[in-house]
Amino acid sequence: MWVWSDELAERVSLDGVDLRERLPLVAYAVGSETDLDELAVDVLGGTRAEPAEPPSALRGIGDR
């Protein structure tokens, strides 16, 4: 069976927080007896819902 990262994100999302906004879409192959709630916590448990900072336009200039 296949499960998508957006489906796992729905299982661990807090009320009003959508983790799917900055989450890459990834498919996971799992056995049919897999506990998807447990898998969601294992895979996405460390995912923060904070927006990522945009990369600096000056990044890497000092490294040249």
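Heads up: these notes are all about the structure in this document. (Residues numbered from 1 in each chain as written. Predicted model: local features only at pLDDT ≥ 70, side-chain atom pairs only at ≥ 80, totals over all residues. Heavy atoms only, no water.)

## Focus: the overall build of the protein
Stage number 1. A count of helical and extended segments in the protein gives two helices and two strands.
Stage number 2. Moving toward the C terminus, one meets the helices and strands of the protein in the order β-α-β-α.
Stage number 3. Counting over 64 residues, the protein shows a buried share of 16%.
Stage number 4. When contacts within the protein are restricted to residue pairs at least 6 apart in sequence, those whose partners lie at least 24 apart make up 60%. (Helix = DSSP H or I, 4+ residues; strand = E, 2+ residues; numbered from the N terminus. Buried < 20%, exposed > 50% of the residue type's maximum accessible area, 1.4 Å probe, protein only. Contact = heavy atoms within 4.5 Å.)

## Examining helix α2 (residues 36-44)
Stage number 1. Among all positions of α2, only Leu 36, Leu 39, Ala 40 and Leu 44 are buried. Down the axis, α2 shows its buried residues gathered within 105 degrees of arc, on one side only.
Stage number 2. Buried residues in α2 make contact with β1 (2-4) and α1 (5-12).
Stage number 3. Between the side-chain oxygen at the start of α2 and the backbone nitrogen of Asp 37 there is a gap of 3.1 Å, and the oxygen is on Asp 35. (Arc of directions from axis to C-beta. Polar contact = N/O pair within 3.5 Å; in protein donor to acceptor, adjacent residues only side chain to side chain.)

## Brief notes about the pattern of salt bridges
Stage number 1. Taken as a whole and assessed by the stated rule, the structure comprises two salt bridges.
Stage number 2. The partner of Asp 37 in a salt bridge is Arg 11, and the shortest N-O contact between them spans 2.8 Å. Pair noted here: Asp 37 is in helix α2 and Arg 11 is in helix α1, with a separation of 26 residues, a long-range link.
Stage number 3. For Asp 37, a relative accessible area of 42% gives the class partly exposed. (Salt bridge = Lys/Arg side-chain N within 4 Å of Asp/Glu carboxyl O.)

## Examining the nonpolar core
Soluble globular proteins tend to bury their nonpolar side chains together.
Stage number 1. Listed in full, the eight residues of the largest apolar core are Val 3, Leu 8, Ala 9, Val 30, Leu 36, Leu 39, Ala 40 and Leu 44.
Stage number 2. Those elements giving two or more residues to this core turn out to be α1 and α2.
Stage number 3. Sort the elements by how many residues they give to this core and α2 lands first, with four residues.
Stage number 4. Other than its neighbours up to four places away in sequence, Ala 40 contacts Leu 8, Arg 11, Val 12 and Gly 45. (Core = buried A, V, L, I, M, F, W, Y, C linked by side-chain atoms within 4.5 Å.)

By themselves, these are just geometric observations and shouldn't be taken as functional.
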